[in-house]
Amino acid sequence: MAAAGTRPIVIVSNRGPVTFAVDDAAPDGVAARRGAGGLVSGLGPLVADTDAVWIAAAMSDGDRLVAERGVTRAEGYRVRLIDLDPDTFTDYYDRVCNEALWFVHHGLFDPVYEPAWPPGWVDGAWAAYRDVNRRFADAVIADAPEGAAVLVQDYHLCLLAPQVRAARPDLRLVHFSHTPFAPPAWLRMLPDEVRLDLLDGLRAHHACGFHSSRWERDYLDSCLDADRAPCATFVSPLAPDPDDLRATASSDAAATARSDLAAVVGDAAFVVRVDRIELSKNVRRGFQAFAALLEAEPDRRGTVVFGAFCYPSRLGVPAYDRYAKAVIAEVEAINARYGTDTWTPIHYDPTDDYPRSIAALQVADVVVVNPIRDGLNLVAKEAVLLSDRDAQLVLSPEAGAWEELGEAGVWEADPFDVGATARALADALDASADERARRASSLRAAVAARTPAHWLDEQLRAAEADPS
Ligand code: G6P
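Residues numbered from 1 in each chain as written. Predicted model: local features only at pLDDT ≥ 70, side-chain atom pairs only at ≥ 80, totals over all residues. Heavy atoms only, no water.

## Some thoughts on the site of the ligand
Move 1: Taken together, the residues surrounding the ligand are R15, G38, L39, Y93, W102, D154, Y155, H156, H178, T179, R276 and R314.
Move 2: Contact distances for the ligand include 2.5 Å between an oxygen atom and a side-chain N or O atom of D154.
Move 3: Separating an oxygen atom of the ligand from a side-chain N or O atom of R314 is a distance of 3.0 Å.
Move 4: Computed on the free molecule, the ligand has an accessible area of 390 Å², of which 87% lies beneath the protein chains in the complex.
Move 5: At the level of elements, α1 (38–47) and α3 (86–106) are the ones that each hand at least two residues to the shell around the ligand.
Move 6: For the shell around the ligand, the residue count by class is four nonpolar, four polar and four charged. (Near = heavy atom within 4 Å. Polar contact = N/O pair within 3.5 Å; in protein donor to acceptor, adjacent residues only side chain to side chain. Areas by Shrake-Rupley, 256 points an atom, 1.4 Å probe, with all protein chains shown as cover. Helix = DSSP H or I, 4+ residues; strand = E, 2+ residues; numbered from the N terminus. Nonpolar A, V, L, I, M, F, W, Y, C, P; charged D, E, K, R; others polar.)

## A short note on the environment of E295
Move 1: Its location among the elements puts E295 in helix α11 (residues 283–296).
Move 2: The sequence separation of E295 and A239 amounts to 56 residues, and the corresponding C-alpha distance is 37 Å.
Move 3: The contact partners of E295, leaving out residues within four places of it in the chain, are R301, R337 and Y338. (Contact = heavy atoms within 4.5 Å.)

## Remarks on a negative patch on the surface
Move 1: Judged by side-chain charge, E68, D83, D85 and D87 come together as a negatively charged surface patch.
Move 2: Note on placement: D85 falls in the loop between β6 (77–82) and α3. (Patch = residues over 30% accessible without salt bridge, like charges linked within 9 Å, V, L, I, M, F, W, Y side chains within 5 Å. Salt bridge = Lys/Arg side-chain N within 4 Å of Asp/Glu carboxyl O. Lys, Arg positive; Asp, Glu negative; His and termini not counted. Charge placed at Lys NZ, Arg CZ, Asp CG, Glu CD.)

## Considerations on the pattern of salt bridges
Move 1: Here the structure, examined in full by the defined rule, presents 35 salt bridges.
Move 2: For E297, the salt bridge goes to R300, with nearest N and O atoms at 2.7 Å.
Move 3: For E297, a relative accessible area of 33% translates into the label partly exposed.
Move 4: Given a relative accessible area of 12%, R300 falls into the buried group.
Move 5: Between K381 and E404 there is a salt bridge, and its shortest N-O distance comes to 2.9 Å. With K381 in helix α14 (residues 378–386) and E404 in helix α15 (residues 402–405), this pair connects stretches of sequence that are 23 residues apart.
Move 6: Residues joined by salt bridges that share partners form a network here, namely R188, D192, R195 and D225. (Buried < 20%, exposed > 50% of the residue type's maximum accessible area, 1.4 Å probe, protein only.)

## A short note on the sheet that holds strand β1 (residues 9–12)
Move 1: Across the sheet, eight strands lie side by side as β5-β6-β4-β1-β7-β8-β9-β10; this open sheet has mixed pairing. Single-partner strands in this sheet number two, and they are β5 (72–74) and β10 (233–235). The sheet shows a mean angle of 25° between the axes of neighbouring strands, direction not considered.
Move 2: Summarising the sheet, strand β9 (residues 207–210) and β10 pair through three bridges and their orientation is parallel. Of the residues in β10, the one forming a bridge with F210 is V235. (Pairing = 2+ DSSP bridges. Axes fitted to C-alpha atoms, helices over the stretch in contact; angles between N-to-C directions.)

Encoded structure:
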């Protein structure tokens, strides 16, 4: 058996580290750029400029051109993109991944009004999910080097392991959930066939990893409830790459963004959040808490600006589109009610601008992370490392990062209790300089205890753990 760390590495995820746009002026017909999203910012630096192969779905026309070329090197990555039929992809990604599985793991289903699984989905959308997993398995079987550790990421790809194990017994397979895992009562909202397929698919890995022991426990409970043997499990929270963050923070783009923000904020205190507009992130209640504070304490009006850098995502899912509209309506109502000629309470910016987000975290006085339920929340950790001002972190105990940071100086925000979140905001804003420094330094130590290298090392060790 190979020792941990000596195996070739294959990463498998729905969204790849690089995305391609058709560009007739480029020598090979495409222009590459770094892919969007938390998964890539977390995992990307681990395997950039190595021989690791990253297998992902083709999502743009440029990606589809690259898919025909097999394994391709771009932006420091060796990527292998899979061209999928657009209707199949929609069923797999929008319906199963983003509606059913994301909702079930984050507890977003309304059990009264919304059918968790509409009629026809087992033969339709679930068949598409199986099909896409088969295509990913085919790519792993064809392209994984002999003896590789195959690191499968997230809820999109729960079913490929049995097929890969049968065809390539030389490979070691680890599945990692970047989301929470549904406890039994929620997983039961899926049809039995789907629930058992998922658990059997996960079981076929050599190990399954989670960001927090809460999600690991929920997985184990769901296995017990379904009378299914669990996979070997491990807990391994991801961490930001400090060098990668520093490089962006010292870029010209971040410097420009900082001076733009200074013009917006002036002398006011700066509360910041950086999120996809995502139901589980609880953006709307965060604004409601801010409004509750302005209502209860009128003296605060004009003294604080809430910078919300919230960019739209997954608009193919009707519930996201509805939520994005509700969030914007909330911002408009709050700004109309409390704003003056010289002060806008919420500075709302929906552009997905990475250096600007990094700049906002550098200059924030308070950072709000109040999810309903969240696998980890890398932004919470990034905020701690980036702050120039001993930023205070208002954190929900439902974020996976709570396990590492909850005792290390955060201000607790119950995500369902708007009044409690408002009080946490007030306390964080009012903390003395000494207290701010004490909390920020304790948080920095907690975050700096881990780097992405720890995460990768733990995946590779987990790959060796189960001899079966
Ligand atoms: C976030 C989650 C990941 C998930 C990713 C997918 O980063 O933390 O668990 O894989 O979103 O996002 P996407 O935009 O590709 O649907």
